[in-house]
Structure formats: C-alpha cells, structure tokens
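Spelled out, the chains give:
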Amino acid sequence: MKKLILSAAVVFGSLSIYAATITTTEPVAKVVKVQDGYTEVSVDVVPVPVKTALQKAYPDAKLDKAYVNEKKEYKLEISVGDQKATVYSDVNGNWIKI
C-alpha cells in the first residue's frame with residue numbers, strides 16, 4: 001500500500017510540473033521626446049549682440065549650434081576646449097541662464 005501511495009504521489013507530482021505556466025517578460029523601453037520650443041537655426045543667423053556677449057563672457061568659446069524660440073531667446077551650445085555647455089540669451093545679448 002505504501003508503494004501504491006508513493007507511486008501515485010510521484011505520478012501526480014510529475015504531471016503538475018507541466019501545469020505550471022512560465023511567464024517571461026521582456027523589458028519595455030519608452031522613449032520620451034520633450035520639445036522645449038526651440039528650433040535650430042544657422043550660427044550665421046545669431047544676432048551680433050548675442051555673439052558679442054558670448055565673446056565677452058567666454059573669449060575662447062566656439063559656437064557649435066544655435067536654437068531660437070518664439071520669444072527670440074537663443075539657446076547656444078558652445079564648446080570651450082574639451083568642455084561643452086549650453087547657455088541661454090535674449091536677442092539683446094543679456095544672459096538668461098548660464
């Protein structure tokens with residue numbers, strides 16, 4: 001009788017292994033693009049007061065990219081040596097955020 005009960009337990013135990021569901025989840029990558037209202041413009045379009053203020057504040061800076069928004073505020077991506085930075089200026093060359 002012990003052998004019968006032990007055999008039944010082994011058979012039912014092995015059958016229950018197949019009943020288990022294995023769920024695998026793949027990681028989901030979400031990409032969120034935030035628009036800050038600035039559109040890229042040519043470096044040549046940047047007004048002279050902004051370029052002058054940039055040269056006074058950062059004499060060795062190189063203007064890499066320029067962006068402008070509806071309020072005529074400029075977002076300037078600059079590089080000084082091996083360092084890169086982003087500064088903000090209005091159309092008159094006054095610094096908004098350095």
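Residues numbered from 1 in each chain as written. Predicted model: local features only at pLDDT ≥ 70, side-chain atom pairs only at ≥ 80, totals over all residues. Heavy atoms only, no water.

Asks: Sorry, what's going on with the sheet that holds strand E4 (residues 83-89) here?
Replies: Two orientations exist for strands paired in a sheet by backbone hydrogen bonds: parallel and antiparallel. Here five strands make up an open sheet; going across it, the order is E1-E2-E3-E4-E5 and the pairing antiparallel. Looking along the sheet, the strands with just one partner apiece sit at the ends: strand E1 (39-41) and strand E5 (95-97). Here the strands of the sheet are splayed against their neighbours by 35° on average, with no regard to which way each runs. Sheet analysis places strand E2 (residues 62-68) next to strand E3 (residues 74-80), joined by six bridges and oriented antiparallel. (Pairing = 2+ DSSP bridges. Helix = DSSP H or I, 4+ residues; strand = E, 2+ residues; numbered from the N terminus. Axes fitted to C-alpha atoms, helices over the stretch in contact; angles between N-to-C directions.)

Asks: Please clarify how helix H2 (residues 48-57) should be interpreted in this entry.
Replies: Note on helix geometry: an α-helix contains 3.6 residues per turn, so any two residues three or four positions apart are oriented the same way. Inspection of H2 places Val50, Ala53 and Leu54 among the buried residues, and these make up the whole buried set. Seen end-on, H2 carries its buried residues on one side only, within an arc spanning 100°. Exposed and facing more than 90 degrees away from the buried side of H2 are Val48 and Lys56. Buried positions along H2 lie against E2, E3, E4 and E5. (Buried < 20%, exposed > 50% of the residue type's maximum accessible area, 1.4 Å probe, protein only. Arc of directions from axis to C-beta. Contact = heavy atoms within 4.5 Å.)

Asks: Please explain the environment of Asn92 as it appears in this structure.
Replies: For Asn92, the location among the structural elements is in the loop between E4 and E5. Note on Asn92: relative accessible area 54%, which makes it exposed. In this structure, the C-alpha to C-alpha distance between Asn92 and Thr52, residues 40 residues apart in sequence, is 9.9 Å.

Asks: For this particular structure, what's the right way to read the pairing of E2?
Replies: Walk down a regular strand and you will see the side chains alternate between the two sheet faces. Looking at chain direction, E1 and E2 are connected through three bridges and run antiparallel. Bridge pairing links Val41 to Ala66 in E2.

Asks: Would you explain unusual backbone geometry in this entry?
Replies: Of note in this structure, Lys72 is not a glycine but carries a positive phi near 65°. One can find Lys72 in the loop between E2 and E3.

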